Amino acid sequence: MKVFISWSGETSKKVAEAIREWLPTVLQTVKPYFTPSDIEKGTRWSSDIAQELDDSMAGIFCVTSQNLNSQWLMIEAGAISKKVEQSLVCPILIGLENSDISGPLTQFQTTLFEKSDFRRLVSDLNKANKSNVLEEGVLNTVFEKFWPELESRVKGIIEATGSGDGTATDLRSDRELLEEVLDLSRALAIQKSGGFQAYKDLFRLFSEFLSAYYVIFDMDWEHTKSCLENSEYFISPSGTFINPIVDDEGNNWGNRPMLLNAYRNLVEYIDNNDIDIQANLHGI
């Protein structure tokens, strides 16, 4: 089974290298793919990277305080997520907590770089490798033997690069965290009136749509612009951006399905729950 390992930035790269070398010692039939150079990613994926993304059955994304806003992590996560279960898109938080991340990566189950969380990740990869599943007892024995080696190496990387000290400027700001607390307070007030679940679901759907919109039309704008300029390859003559009427809505536009699904799920929820939105959603 192929596992694509994504990174951005020096700390993330070194951790990705460590995981690439360590993972096959525990899961011998897993084949990690790792590109050693940012340049190879370019402004558009190279054919080699695009093929590896398509062939991989899981993705590991090494997230640090320096690459929280990396477009490459988002693009590659979107490309893999369109073909595998969300549980197999695995952001590993290096020197971070779940509260430090926002945007598209929040839709996936994150893994903290600590023993119990990482064991669960390895177990999920083992179960997904259906033709070569290790017995749980064997996996636990091998994991216990080799985990200290990876833990020591990654801790050394963090100490050497100064990552995970909580001072990076691209960690979520105090204002963002205060706004999140305010949202939670509002939600709790709504809960007392009996409408919390509907509010929670609608808020989640809006959040997913806005995150996907940001990835497509901001972080990945140059690629999106080139796709729009060559729209005959991505939208049928009778289609629109929202309903392109093509067999593969992703094609070489890996993040578009994330946006389209988020939009459709939001509209469906609004329709099904008779929510009063002052817009003709089906006419947009």
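For clarity, every value in this text was computed on a predicted model and none was experimentally measured. (Residues numbered from 1 in each chain as written. Predicted model: local features only at pLDDT ≥ 70, side-chain atom pairs only at ≥ 80, totals over all residues. Heavy atoms only, no water.)

Attention now goes to the packing of aromatic side chains. Counted under the stated rule, the structure contains 14 aromatic pairs. Ring geometry for F113 against F118: centres 5.5 Å apart, planes inclined by 70°, an arrangement best described as edge-to-face. Residue class for F113 comes out buried when judged on its relative accessible area of 15%. On the basis of relative accessible area, F118 is assigned to the buried category, the value being 1%. Consider the rings of F209 and Y213, whose centres lie 6.1 Å apart with planes at 45°: the pair is tilted. Of this pair, F209 and Y213 both sit in helix α7 (residues 196-219), 4 residues apart, which is roughly one turn of the helix. Overall, the relative accessible area of 19% leaves F209 in the buried class. A relative accessible area of 44% places Y213 in the partly exposed class. Feature note: the residues F209, Y213, F217, F234, F241, W253 and Y263 constitute an aromatic cluster, connected by ring pairs. (Phe/Tyr/Trp six-rings, centres within 6.5 Å; stacked < 30°, edge-to-face > 60°. Buried < 20%, exposed > 50% of the residue type's maximum accessible area, 1.4 Å probe, protein only. Helix = DSSP H or I, 4+ residues; strand = E, 2+ residues; numbered from the N terminus.)

Mapped onto the fold, S8 is located in the loop between β1 (2-6) and α1 (10-26). Excluding its chain neighbours within four sequence positions, the residues that come into contact with S8 are N67, S70 and L73. (Contact = heavy atoms within 4.5 Å.)

Looking now at the pattern of salt bridges. Within the structure shown, the criterion is met by 8 salt bridges. Across the salt bridge formed by E144 and R119, the nearest N and O atoms sit 2.5 Å from each other. Taken together, the positions of E144 in helix α5 (residues 136-161) and R119 in helix α4 (residues 115-128) put the pair 25 residues apart, joining distant regions of the chain. In this structure E144 comes out as partly exposed when scored by relative accessible area, which is 35%. Residue classification places R119 among the partly exposed positions, given a relative accessible area of 25%. Between E222 and K225 there is a salt bridge, with the nearest N and O atoms lying 3.7 Å from each other. (Salt bridge = Lys/Arg side-chain N within 4 Å of Asp/Glu carboxyl O.)

Moving on to the environment of I245. Along the chain, I245 turns up in the loop between α8 (221-229) and α9 (256-272). The contact partners of I245, leaving out residues within four places of it in the chain, are S236, S238 and G239.

Another aspect to go through is unusual backbone geometry. Its identity as a non-glycine residue notwithstanding, I245 has a phi of 55°, on the positive side. Of note, N251 is a non-glycine position whose phi angle comes to about 45°, a positive value. Locating N251 in the fold gives a position in the loop between α8 and α9.

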